There are 12 protein chains.
Amino acid sequence: MSRIIIINGPNLNLLGVREKGIYGAERFEDYFERLKTQYNGVELSYFQSNHEGAIIDKIHEVGFSADGIVLNAGAFTHTSLAIADAIAAVTTPVVEVHISNVYAREPFRHHSYLAKNCKGVICGFGLEGYRLAVASLLRE
Amino acid sequence: MSRIIIINGPNLNLLGVREKGIYGAERFEDYFERLKTQYNGVELSYFQSNHEGAIIDKIHEVGFSADGIVLNAGAFTHTSLAIADAIAAVTTPVVEVHISNVYAREPFRHHSYLAKNCKGVICGFGLEGYRLAVASLLRE
Amino acid sequence: MSRIIIINGPNLNLLGVREKGIYGAERFEDYFERLKTQYNGVELSYFQSNHEGAIIDKIHEVGFSADGIVLNAGAFTHTSLAIADAIAAVTTPVVEVHISNVYAREPFRHHSYLAKNCKGVICGFGLEGYRLAVASLLRE
Amino acid sequence: MSRIIIINGPNLNLLGVREKGIYGAERFEDYFERLKTQYNGVELSYFQSNHEGAIIDKIHEVGFSADGIVLNAGAFTHTSLAIADAIAAVTTPVVEVHISNVYAREPFRHHSYLAKNCKGVICGFGLEGYRLAVASLLRE
Amino acid sequence: MSRIIIINGPNLNLLGVREKGIYGAERFEDYFERLKTQYNGVELSYFQSNHEGAIIDKIHEVGFSADGIVLNAGAFTHTSLAIADAIAAVTTPVVEVHISNVYAREPFRHHSYLAKNCKGVICGFGLEGYRLAVASLLRE
Amino acid sequence: MSRIIIINGPNLNLLGVREKGIYGAERFEDYFERLKTQYNGVELSYFQSNHEGAIIDKIHEVGFSADGIVLNAGAFTHTSLAIADAIAAVTTPVVEVHISNVYAREPFRHHSYLAKNCKGVICGFGLEGYRLAVASLLRE
Amino acid sequence: MSRIIIINGPNLNLLGVREKGIYGAERFEDYFERLKTQYNGVELSYFQSNHEGAIIDKIHEVGFSADGIVLNAGAFTHTSLAIADAIAAVTTPVVEVHISNVYAREPFRHHSYLAKNCKGVICGFGLEGYRLAVASLLRE
Amino acid sequence: MSRIIIINGPNLNLLGVREKGIYGAERFEDYFERLKTQYNGVELSYFQSNHEGAIIDKIHEVGFSADGIVLNAGAFTHTSLAIADAIAAVTTPVVEVHISNVYAREPFRHHSYLAKNCKGVICGFGLEGYRLAVASLLRE
Amino acid sequence: MSRIIIINGPNLNLLGVREKGIYGAERFEDYFERLKTQYNGVELSYFQSNHEGAIIDKIHEVGFSADGIVLNAGAFTHTSLAIADAIAAVTTPVVEVHISNVYAREPFRHHSYLAKNCKGVICGFGLEGYRLAVASLLRE
Amino acid sequence: MSRIIIINGPNLNLLGVREKGIYGAERFEDYFERLKTQYNGVELSYFQSNHEGAIIDKIHEVGFSADGIVLNAGAFTHTSLAIADAIAAVTTPVVEVHISNVYAREPFRHHSYLAKNCKGVICGFGLEGYRLAVASLLRE
Amino acid sequence: MSRIIIINGPNLNLLGVREKGIYGAERFEDYFERLKTQYNGVELSYFQSNHEGAIIDKIHEVGFSADGIVLNAGAFTHTSLAIADAIAAVTTPVVEVHISNVYAREPFRHHSYLAKNCKGVICGFGLEGYRLAVASLLRE
Amino acid sequence: MSRIIIINGPNLNLLGVREKGIYGAERFEDYFERLKTQYNGVELSYFQSNHEGAIIDKIHEVGFSADGIVLNAGAFTHTSLAIADAIAAVTTPVVEVHISNVYAREPFRHHSYLAKNCKGVICGFGLEGYRLAVASLLRE
């Protein structure tokens, strides 16, 4: 049985509450329940933090045993070399996800420090992007 | 019945023939046959050209009637404002796909003129990326 | 009798069809008919292509015999050194035209590779810009 | 009856006196007389100053009542955010004119702070450019 | 009764202890007591952390109920897109404060990622800046 | 009795007349009357000019005797080294004010040549910013 | 018997006709005849196009069987990542040639996207450069 | 008796576990034991965290009483102005250490925000660099 | 008898009054009297203004009849294309002077828009620089 | 009889000794003997120095009498304006040669200060490049 | 017995004579004597030159036989690609040393062309840095 | 009796021989004889070298005893940090001279590494500039 963890970064705890125009109106927890139902043969877990260090700790914790990490690092995507180094240090493949199309937003959101250390990137598909990321890890 | 077209840009006619280390060993035509089998309820078609103008012509031709375009514009991704304008001009949603993880390659491959006009971007998953793109358009 | 040719570049075949907010609601063919009526003592012709190479071929073809070229190269304005070289190579004067005020749009539309080899530039006046360009070439 | 004002910026009082290779041999006052003759149904006036502040004052003075402003701000084109703000603040449409083809000159002349707030830009046609600008405002 | 919270970022716990030449000799806690006395009709509270994540957590916690946030994010001002996103996500207005005149210091202190999402910026007035910020929120 | 002068730069004579969405609907003269009433123990005066040179002359005139200058140099903020030098040359402290939040506008408005020579900067609080600036100079 | 193909890019069909000061007065076809005479033991062929796509098609066509390609891509040298990718994809060695000394011309001609994928570069020797390129491929 | 603390930043808890090609095969804890043996007349302590805030807290805690800090801030070296400010705020001298030669790696690792506030920098000597740093602080 | 005019730009009316550390303690008027005594066979005159436009007007006025202009444009040196154009437009040779060594000051003072249109530049010699400039024009 | 001198710059005395992967395994002296045999009707000489000044001295010495200079300035190619000026000052034509394809190496090797003053550039052909350069000078 | 050579670059012959605030008051020769005493089992030698070429010659001379080179290239650190190439060409490990903390000085001193080819870098420890470098080479 | 030395850098030994359009037709030795005659109460000497190291050696030799150095470092002006450091290290004041107006030439000649360490700069006055420099040092 595959073990996949979804890690969300800063401000993503407010999904469905704020800025619905950009991020949609669904709370992530609700979406996650539906996702678990869809992939009931997979051990899916979820972690969110606004602390860069907590995200690094979590990547270290699961990054040598899980089968895949789906990572939406939010704004840390564009500033955190430390998370990038953490991804490079672990063996579990990481897929970078963004809910919105970051390339249609401010220029500082066009560059990802993480992407080059990830398996791949999926952006612009709303919460659906998480499902595509899980699918890509399962190669279903 | 949905109509989706896959458009491949320059040098992608050599897939499976050359630079297998980067792009894999499978010819796109073979992959496309398998994809059609998997999505037999979808009208899938395929177009490849090394000519920027031909790709624009094709986007114009299908971009007001098809249900989705999966576009791997190859090197034109990084240089063609004209294709970017074509994507903006049509009504069919376009998903940008790259076989390799472009963020792990030369810096000039990190920037896409097309992405901001597309629905979303999928990169780094090999030929599998085309399937994810089709899935994202079908919201299956 | 003067011979003047209007050359339109990529995506301008969609004038009047799409993005009317930026480019207006009139098809270029209709405008061109009106223009020919207004300048019935001038031999006016029209060429459009989405292919950079076809535009270069056309400039070569008419650029040693016509009395003027009115060129709206669309997105090629900002990317095509090859068209810029073609303009420099021929003897017919070329006037660069843009329908919209490119300086009020994205930064990449502010720079023209062609302008320095042209006689002059006219932008922001809608389709009316083509008439001003013809007038400037006729010095009426 | 339409009211249009031509505003010339720094050093343009020397037209026809100096640097004839770039700007031509005709004094602007002589050209202006001919222009008034040609457009005798239009109330044409003319203002020149080497003072940025005086140009702003003039734009404020006429910018809510005149039907059009033809502005050749000379070197202020490339340095004056204050004139750019003045153009944005008034309601009269402004057409930016340059006598020479600024894109064929020094790089610092390629950028205009004013253009994005103007209706359009005309450059490279010598004094004829002023006539084209008046014509564009009258849509004759 | 208005509720306003002052949030101080990294190293500001050392105010009055170190680098008095730049930041002054008063401890923030002492200043804060005086401020509460001056605004005894306002519910003023104070939070300081050297942890970016803790500042984001706090903004989330108070950002939908408080009447104003006075934020001196210290060095995070210049590096934290995540705090900038947090400010954009909440509804409480935020005023950015700096004790020193950051524009008279190193270039990297001239740019704020936060400012564009704040109501306004006050800098250079020493601890007095906090009082001005509170005043601006109360519009007294 | 303190003497404080407010100096407004280019286009600010149009406050309350134009671009009310950005700058508000109140004329500065009306606001200034209210401000004088509020600070009736202070000798407040007001000067506005669209001429950079006149602003420098005024700073020289009052800059060795007044107790404070509140300066909103408008677009000159971003272009005038000469005003910056004038501020550095005089002994009266200068507070830089902007009505709008310049950091939420075009990039060229993010940089101030003046700020590093001023006592401090206040921006984004509408006309209220002038009052905060006066208050900061009086340290009331 | 060796097979070598010379590929010329945009505007090089005008060699000997225009801009003789830069490119010389000889037509390429005449030069090519002389070259074939000199290398009568080599199978020399020639291709010219103003179409980027046609050049890519030709590189694909000959790039797995010919013994050498001499490529003067003209202005595409400085803009075409797609041709650069084509050179990288084929197995035939490519020598980049420029007739003029591009380093003594405009800055945008100093950078070649193609050079890093070629065997070597020869520039500044007029049409003679083609002969040197052929010689380098034959290692005569 | 001297008190020196070694502070390691993000991902350095994985030393000896991962990326041994870059960082070597020894766990830091083992190295630290050997170091303590070598310097048994010195009070050596060790702290590691993946949290920027925790590192700042620790620098504040020891930075007014310890005799030296040896700091390998990992990726925070290149992104953390807040740690740089913390170093400037304390009185204990700080020596920056890197295990690998950062100048032979990616360009973003060439710049240190911390170095200018440190006493000195030692890089490229593997774990040995920590010993050299301790030696430099003891001036043995 | 030679006619030479010295033109001083913004803030130079404060020479000898303020910032004596940079500009010296002598008023320019006093220096000028001494200079006239030294060069009693030369018609020396002096003009100062804080208005860019007034400086342009003055250059136009004397620039076709005087034998030399000594110009210290102060901060306008670094910002005024309009003065640069005025220098290019007149026939009198202009020598650029700076009292301080501008290359040892802020980076924005290292670039002069005027220098390329002047005969030469003299900087760093205090008021003595004016005498050297006069001497260079007289070639005594 | 033609006189041609080959000048090699810094570190090229180690050819054939070190970094054979980049520069090949043949000592330059051996290659030079073979080259002299091949061109026995030409007076070929050779000079190598690691001193920029010595190379300039040599260019001055032979640059008004020799028929050609073949110059591989090594790393000075990318840093020495003084050698570039020397090439411009003499009358003998200079051909720039590089053994490796510098465009496939580090970015700082892509720019040559010398190239614009040379007749032409040949790079990427190993030691064979020297022969091509001699051939180009002899136009054999 | 180990052989280590210390090479000092331009202006370091003035150590202890000039700019003692930056470089200290001890002459290098005196320091070197003390160092030799401390490492009497090591064959230590010393070379200084203001000539880039002489430094390259020396690196070539000792770089295949010595056990270590301690190199303080002074200003050549920031400008000499030729020395960088020399370091890459030899087999003896090189340690880069700087007496002052170059990161706390002018920006152009922050970048080293040499560092990436060296074993490591030690800076900011005064003359003590040379001892640390020797120690690092001896791994004592 | 004052002792002043003139130091000329690379290629200036060719003055009067080559590129007379830029540098004039007089040999420096002839000019120097005239200069010595004019300043017969001053001990004037002259040194020229194409070697950066030799110029540094000479500055060290005379820089603690001579009364002034007139330095035209030629192309080293724009590339030599080592000469800049030498000027900073000595106590004799140095005046930088350029024969041509470097600001009217290529952009790379606009920046001087030396100027900030010199007393002042004189450029554009031909050989006359040396006399002005001597005069400035003598304050005659």
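Before reading on, note that the structure itself is shown above.
If you're wondering where the values come from, they're calculated on a predicted model, not measured in any experiment.

**With respect to the overall build of chain A**
So, step 1. Scanning chain A from terminus to terminus reveals five helices and five strands.
So, step 2. Each helix (α) and strand (β) of chain A, taken in turn from the N terminus, gives the series β-α-α-β-α-β-α-β-β-α.
So, step 3. In terms of overall dimensions, chain A is globule-like: its C-alpha atoms have a radius of gyration of 14 Å, near the 14 Å expected for 140 residues.
So, step 4. Taken over the C-alpha atoms alone, chain A extends approximately 40 × 30 × 25 Å along its principal axes.
So, step 5. In chain A, which comprises 140 residues, the share counted as buried stands at 64%.
So, step 6. For chain A, long-range pairs separated by at least 24 residues make up 79% of all intrachain contacts whose partners lie at least 6 apart in sequence.
So, step 7. A total of about 4700 Å² of accessible surface is found on chain A, and carbon and sulfur atoms cover 48% of it.
So, step 8. Charged side chains in chain A number 13 positive and 15 negative. The centres of these two groups are separated by 3 Å.

**Side note on the interface of chain L and chain J**
So, step 1. At the junction of the two partners, chain L supplies 16 residues and chain J supplies 16 residues.
So, step 2. Both sides together, the interface formed by chain L and chain J hides about 1400 Å², and carbon and sulfur atoms give 58% of it.
So, step 3. One salt bridge connects Arg-109 of chain L with Asp-85 of chain J, and the closest N-O pair in it is separated by 2.9 Å.
So, step 4. Between chain L and chain J we count six residue pairs in polar contact (both at pLDDT 80 or more) in total.
So, step 5. Considered class by class, the residues forming the side of chain L that touches chain J number five nonpolar, six polar and five charged.

**Section: the state of the cysteines**
So, step 1. One pass over the full model with this rule turns up zero disulfides over all chains.
So, step 2. Cysteine Cys-123 of chain L shares no disulfide, and the gap to the nearest cysteine sulfur, in Cys-123 of chain I, comes to 8.8 Å.
So, step 3. On the basis of relative accessible area, Cys-123 of chain L is assigned to the buried category, the value being 0%.

**Thoughts on the sheet that holds strand β3 (residues 68-72) of chain K**
So, step 1. Taken in spatial order, the 10 strands line up as β2(H)-β1(H)-β3(H)-β4(H)-β5(H)-β5(K)-β4(K)-β3(K)-β1(K)-β2(K) in an open sheet, and their pairing is mixed. The outermost strands of the open sheet, each flanked by one partner alone, are β2 (43-48) of chain H together with β2 (43-48) of chain K. Pairs of neighbouring strands in the sheet enclose a mean axial angle of 20 degrees, with direction left out of account.
So, step 2. In this structure, strand β4 (residues 94-98) of chain K lies alongside strand β5 (residues 120-123) of chain K, joined through four bridges in parallel fashion. Bridge assignment links Glu-96 of chain K to a residue of β5 of chain K, and that residue is Val-121 of chain K.
So, step 3. Packed onto the sheet, helix α5 (residues 128-138) of chain H meets β1 (3-8), β2, β3 (68-72), β4 (94-98) and β5 (120-123) of chain H and runs at close to 155 degrees relative to β3 of chain H.

**Concerning the relation of the copies chain D and chain C**
So, step 1. Rotating chain D by 180 degrees and moving it 0.0 Å along the rotation axis overlays it on chain C with an RMSD of 0.0 Å. Both copies of the chain, as the preceding transformation shows, are related through a two-fold rotation axis. Scanning chain D for the C-alpha nearest the rotation axis identifies Ile-122 of chain D, at a separation of 2.3 Å.
So, step 2. Comparing interface residues between copies, 100% of those in chain D also sit at the interface in chain C, which points to an isologous, same-surface contact.

**Here we look at the side chain of Asn-101 of chain L**
So, step 1. Within the fold, Asn-101 of chain L resides in the loop between β4 (94-98) and β5 (120-123).
So, step 2. You can call Asn-101 of chain L buried: its relative accessible area is 10%.
So, step 3. A polar atom in the side chain of Asn-101 of chain L sits 3.0 Å from the backbone oxygen of Cys-118 of chain I.
So, step 4. Each residue touching Asn-101 of chain L, except ones within four places of it in the same chain, is listed here: Ala-115, Lys-116, Cys-118, Lys-119 and Gly-120 of chain I together with Cys-123 and Gly-124 of chain L.

**A closer look at the relation of the copies chain L and chain J**
So, step 1. For the pair chain L and chain J, the best superposition has an RMSD of 0.0 Å and corresponds to a rotation of 120 degrees with a translation of 0.0 Å parallel to the axis. When the rotation and shift are considered jointly, the pair of chain copies conforms to a three-fold rotation axis.
So, step 2. Both copies present different contact surfaces, since only 12% of the interface residues of chain L are interface residues in chain J too.

**As for the environment of His-51 of chain D**
So, step 1. Locating His-51 of chain D in the fold gives a position in the loop between β2 (43-48) and α3 (52-62).
So, step 2. Measuring from C-alpha to C-alpha, the distance between His-51 of chain D and Gly-9 of chain D comes to 7.7 Å, with 42 residues separating the pair along the chain.
So, step 3. Not counting the four nearest positions on each side in its chain, His-51 of chain D is found in contact with Phe-76 of chain D together with Gly-53, Ala-54 and Asp-57 of chain I.
So, step 4. Among the polar contacts made by the side chain of His-51 of chain D, one reaches the side chain of Asp-57 of chain I at a distance of 2.9 Å.

Cut-offs and rules
Residues numbered from 1 in each chain as written. Chains lettered and ligands numbered in written order. Predicted model: local features only at pLDDT ≥ 70, side-chain atom pairs only at ≥ 80, totals over all residues. Heavy atoms only, no water. Helix = DSSP H or I, 4+ residues; strand = E, 2+ residues; numbered from the N terminus. Rg over C-alpha atoms; globule rule 2.2 N^0.38 Å. Buried < 20%, exposed > 50% of the residue type's maximum accessible area, 1.4 Å probe, protein only. Contact = heavy atoms within 4.5 Å. Areas by Shrake-Rupley, 256 points an atom, 1.4 Å probe, with all protein chains shown as cover. Lys, Arg positive; Asp, Glu negative; His and termini not counted. Charge placed at Lys NZ, Arg CZ, Asp CG, Glu CD. Buried area = accessible area lost by both parts, 1.4 Å probe. Salt bridge = Lys/Arg side-chain N within 4 Å of Asp/Glu carboxyl O. Polar contact = N/O pair within 3.5 Å; in protein donor to acceptor, adjacent residues only side chain to side chain. Nonpolar A, V, L, I, M, F, W, Y, C, P; charged D, E, K, R; others polar. Disulfide = S-S within 2.5 Å. Pairing = 2+ DSSP bridges. Axes fitted to C-alpha atoms, helices over the stretch in contact; angles between N-to-C directions. Least-squares fit on C-alpha atoms with pLDDT ≥ 70 in both.

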